[in-house]
Amino acid sequence: GGEIMTPAAYVYNVLASNLESLPQIEIENVYTFYVDDNASPDKPLILITETVSMGDDYGNNEVLYSNRRVQIDLYYPKDYTEDMTLIERDLKKLLRKNGIYCYSDAGHILTLDSERITNTLKFNFKMEE
């Protein structure tokens, strides 16, 4: 069989293949699991992590789909001038087109060290087994 993709890798691939619809995001600023130390401080960063999944959907005692959840944290420079809400709307729209649905949007907060503005979006989707 093919290699099983982790939910984070799956979402990363969707973003990587559709970056033209996210003009403010560059692929080298999209991370899975942790952000690199040399991450660019003056560009928006995207971090994709996995959260607890929801259990599986069965049919005839076979797992048909795994319900997956991922969290996407966006980090913006604190003096970012572009429209963050617009970037997030484009991101949600792109993922929704690919069957990945946003169920939680925390809103923008300034991180404790005040170096970046951050927002956490949570998504769920089904992955075929």
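For the structure given in this document, a descriptive report is provided here. For clarity, every value in this text was computed on a predicted model and none was experimentally measured. (Residues numbered from 1 in each chain as written. Predicted model: local features only at pLDDT ≥ 70, side-chain atom pairs only at ≥ 80, totals over all residues. Heavy atoms only, no water.)

Counting residues in each nonpolar core, the largest one holds 26 residues, and the members touching the most others are Val-11, Leu-15, Ile-46, Ile-48, Ile-72, Leu-91 and Leu-95. Leave out the neighbours within four places in its chain, and Ile-48 touches Ala-8, Val-11, Tyr-12, Leu-15, Val-30, Tyr-31, Thr-32, Phe-33, Val-70, Gln-71 and Ile-72. Ranked by size, the runner-up nonpolar core spans five residues in total, among them Tyr-31, Ala-39, Leu-45 and Leu-47. (Core = buried A, V, L, I, M, F, W, Y, C linked by side-chain atoms within 4.5 Å. Buried < 20%, exposed > 50% of the residue type's maximum accessible area, 1.4 Å probe, protein only. Contact = heavy atoms within 4.5 Å.)

What follows covers the side chain of Asn-29. With respect to the helices, strands and loops of the structure, Asn-29 is situated in the loop between α1 (7-17) and β1 (30-32). Beyond its immediate sequence surroundings of up to four residues, Asn-29 is in contact with Ser-40, Lys-43, Pro-44, Leu-45 and Ile-46. (Helix = DSSP H or I, 4+ residues; strand = E, 2+ residues; numbered from the N terminus.)

Axis separation between α1 and helix α2 (residues 84-97) bottoms out at 10 Å; the angle between their running directions is 110°. When the interaxial angle is binned, α1 and α2 end up roughly perpendicular. Every residue of α2 that contacts α1 at Val-11, Val-14 and Leu-15 is listed here: Leu-91, Leu-94 and Leu-95. Grouping the amino acids of the contact of α1 with α2 by side-chain chemistry returns six nonpolar, no polar and no charged. (Axes fitted to C-alpha atoms, helices over the stretch in contact; angles between N-to-C directions. Parallel < 35°, antiparallel > 145°, perpendicular 65-115°, else oblique. Nonpolar A, V, L, I, M, F, W, Y, C, P; charged D, E, K, R; others polar.)

Moving on to unusual backbone geometry. In this model, Phe-33 sits at a positive phi of 75°, which is unusual for a non-glycine residue. Turning to its location among the elements, Phe-33 is positioned in the loop between β1 and β2 (45-51). Phe-33 gets classed as partly exposed once you look at its relative accessible area, which sits at 46%.

Moving on, we come to the pairing of β2. Most of β2 sits inside the fold, with five of its seven residues counted as buried. By the bridge criterion, seven bridges tie β2 to strand β4 (residues 62-77) in an arrangement that is antiparallel. For Thr-51, the partnering residue across the bridge sits in β4 and is Arg-69. (Pairing = 2+ DSSP bridges.)

In this model α2 runs 20 Å from its N-terminal to its C-terminal C-alpha over 14 residues, within 8% of the 20 Å that 1.5 Å per residue would give. Taken together, the buried positions of α2 are occupied by Met-84, Ile-87, Glu-88, Asp-90, Leu-91, Leu-94 and Leu-95. Buried residues along α2 cover an arc of 160° about the axis, so they all sit on one side. Those residues of α2 that are exposed and angled more than 90 degrees off the buried face are Arg-89 and Lys-97. Looking at the buried residues of α2, the elements they touch are α1, β2, β4 and β7 (116-128). (Expected span 1.5 Å × (residues − 1). Arc of directions from axis to C-beta.)

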